[in-house]
Amino acid sequence: MRRSELRVDSPVFQRTGKALIFCLLLVIEILILASNWRSRNMGGIPAWYVLLPTVVVLSAENAVKMWGLSKFTQKIACYVFDTICLMLLTVFSDGTLISTLYIIILSEFYLSQSNLASCIAMCVANIGLFLLMLFISGTLKREDVNIVPLISSAFNDIIVLVIHFLVFNFTLQIYRKNQEITLANKKLNENNDKLSLAYLELAEVTKLEERQRIAKDIHDTAGHSITTVIMLTEAAKLMIDEDMTEAKRKLAAANLQAKNALEELRESVHLLSGKSEQLTLKQMLEDIIHDSTDGTQIVIRSSIEDITLCDAKRRFVCNTLKEGISNGLRHGGATAFWFELKSEHGNIEFLLSDNGKGMDIAELKEGFGLSGMHTRAGSLGGHVWFETEADGGFEIHMRLPADGGATGVDHEN
């Protein structure tokens, strides 16, 4: 935040300060008139003939300066006029309280200026002006004036002017610094409130986007799986009398697909309700392998490292394993699989290989499941590729950016 953006002198502070200074000015002027009411100067002329109009004009001019002018350039003429009035008061008075008038005029200047260098220059100039006025006053009064005795006699007044400068400006600087800190804290709190509001809005948008993504996943994956179950069971009904082995294989594939669909629906419900899975990725993958082999003749060997991934990547890895096993059973007639998940060179390496019939890679046409793998992997910063050949099985390779460390464990189901 730039300093110029902070308003450290509030209007109330300025008005109060100016009112106090102006009241002090009037009081001191009245005291000067009272102490010189019967004095005579310059050929016996009563002093108040000059002092009274000077005081009236000085008061009026300071009222205009304090409340009618705001810029320093506009006040320069007023400060020159102050000097002339102070000179007249010094010459035609007995000198009592003149230094106090200087202090009052300086107070208004200090109050309106935030530049300390300008205040120092003004204080030094006024001390010099004060000494000069005393010298001129003494000369006009035909006194024997010497500079050393003059300074000595005005020493106390000079000390008062210096102390006034130090105390007044020190107090102003502390006040202004406190105001700067207060305003900066207020601005910071306002920015924090705006950031908190923006964060809440972003959280709501993110939550809505995540729910929309989950709804799309339910429609795409679970809907596709249920459609596949229906097709496999219909095909098994037609084959049950002609080819019992093939019918059983299709029913096994349909059963696995139904389990996958049910698991996907459960996961989606958990996410929508805000509940998170307590299982590790390794445990989730082992459960998928167990569900796929339980009660079937399928064999799945695996090597799974205990890897930490974000929820989106965890879901994608699990769904890819389910889809790969289901495709191997349905399309390749596979009976055995090899699955490997490991962390290597800052990436997660995924491999699922089966012993199915495979096909010529040039004949591979990516359907809903395989094309969806490409799209999802790309959105997560990774990529997927497939390898297959006739009677050589089918392999799914995937590489994703890693999120955490890993340790390896091998087992066989």
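Not measured: the values here are computed from a predicted model.

J.: Tell me about the nonpolar core, residues and numbers included.
T.: Leu 89, Ile 98, Leu 101, Tyr 102 and Tyr 110 are the most contacted members of the largest nonpolar core, which totals 40 residues. Counting residues per element, the ones that place at least two in this core are helix H1 (11-35), helix H2 (48-67), helix H3 (72-92), helix H4 (98-112), helix H5 (116-140) and helix H7 (155-239). At ten residues, H4 tops the list of elements feeding residues into this core. Excluding residues that lie within four positions of it along the chain, Leu 101 makes contacts with Leu 25, Ile 28, Glu 29, Ile 32, Leu 86 and Leu 89.

J.: Can you explain helix H9 (residues 281-293)? Please cite residues and give values.
T.: Given a rise of 1.5 Å per residue, 13 residues ought to cover 18 Å, and the 19 Å separating the end C-alpha atoms of H9 matches this to within 8%. Listed as buried for H9 are Leu 281, Lys 282, Met 284, Leu 285, Ile 288, Ile 289, Ser 292 and Thr 293. Taken down its axis, H9 places every buried residue within 165 degrees of arc, on the same side.

J.: Before we move on, could you go through the layout of surface pockets and cite the residues and values that matter?
T.: A volume near 410 Å³ is recorded for the second largest pocket. When residues of the lining of the second largest pocket are traced back to their parent elements, those giving at least two are helix H10 (311-330), helix H11 (368-379) and strand E7 (394-401).

J.: Explain the confidence of the model for the protein chain residue by residue, including any values.
T.: For any part of a model where pLDDT is low, the fine detail of the predicted coordinates should not be relied upon. On average, the protein chain scores 80 in pLDDT, and the residues at 70 or more come to 83%. The spread of mean pLDDT over the elements of the protein chain runs between strand E8 (residues 408-412), the lowest at 45, and strand E5 (residues 347-354), the highest at 95. Predicted confidence is poor over residues 1-7, with pLDDT under 50, and the contacts of this stretch with residues over four places away or in other chains come to nine contacts. The low-confidence segment residues 405-413, where pLDDT is below 50, has 27 contacts with residues more than four positions distant or belonging to other chains.

J.: Give me the pattern of salt bridges: which residues, what numbers.
T.: Applying the stated criterion to the full structure yields seven salt bridges. Asp 82 is paired through a salt bridge with Lys 65; the nearest N and O atoms lie 2.6 Å apart. Pair noted here: Asp 82 is in helix H3 and Lys 65 is in helix H2, with a separation of 17 residues, a long-range link. Overall, Asp 82 belongs to the buried group, its relative accessible area being 2%. What makes Lys 65 buried here is its relative accessible area of 0%. Between Arg 314 and Asp 311 there is a salt bridge; the shortest N-O distance is 4.0 Å. Within this pair, Arg 314 and its partner Asp 311 are both found in helix H10, separated by three residues, close to a single helical turn. By relative accessible area, Arg 314 is classed as buried at 12%.

J.: Quick rundown of the packing of aromatic side chains? Include the residues and the values.
T.: One pass over the structure, following the stated rule, counts seven aromatic pairs. Ring centres of Phe 22 and Trp 67 lie 5.5 Å apart, and the angle between their planes is 75 degrees; this geometry places the pair in the edge-to-face category. Within this pair, whereas Phe 22 is found in helix H1, its partner Trp 67 is found in helix H2, the two being separated by 45 residues in sequence. The interplanar angle of 70 degrees and the centroid separation of 6.4 Å between the aromatic rings of Phe 109 and Tyr 110 together place this pair among those described as edge-to-face. Among the residues examined, Tyr 110 registers a relative accessible area of 0% and is labelled buried.

The rules behind the values
- Residues numbered from 1 in each chain as written.
- Predicted model: local features only at pLDDT ≥ 70, side-chain atom pairs only at ≥ 80, totals over all residues.
- Heavy atoms only, no water.
- Core = buried A, V, L, I, M, F, W, Y, C linked by side-chain atoms within 4.5 Å.
- Buried < 20%, exposed > 50% of the residue type's maximum accessible area, 1.4 Å probe, protein only.
- Helix = DSSP H or I, 4+ residues; strand = E, 2+ residues; numbered from the N terminus.
- Contact = heavy atoms within 4.5 Å.
- Expected span 1.5 Å × (residues − 1).
- Arc of directions from axis to C-beta.
- 1 Å grid on protein atoms, 1.4 Å probe; cavity = no way out; pocket = protein on both sides within 12 Å on 5 of 7 lines; lining within 4 Å.
- Points joined across faces, edges and corners; volume = space filled by probe spheres on them.
- pLDDT = per-residue confidence, 0-100.
- Salt bridge = Lys/Arg side-chain N within 4 Å of Asp/Glu carboxyl O.
- Phe/Tyr/Trp six-rings, centres within 6.5 Å; stacked < 30°, edge-to-face > 60°.

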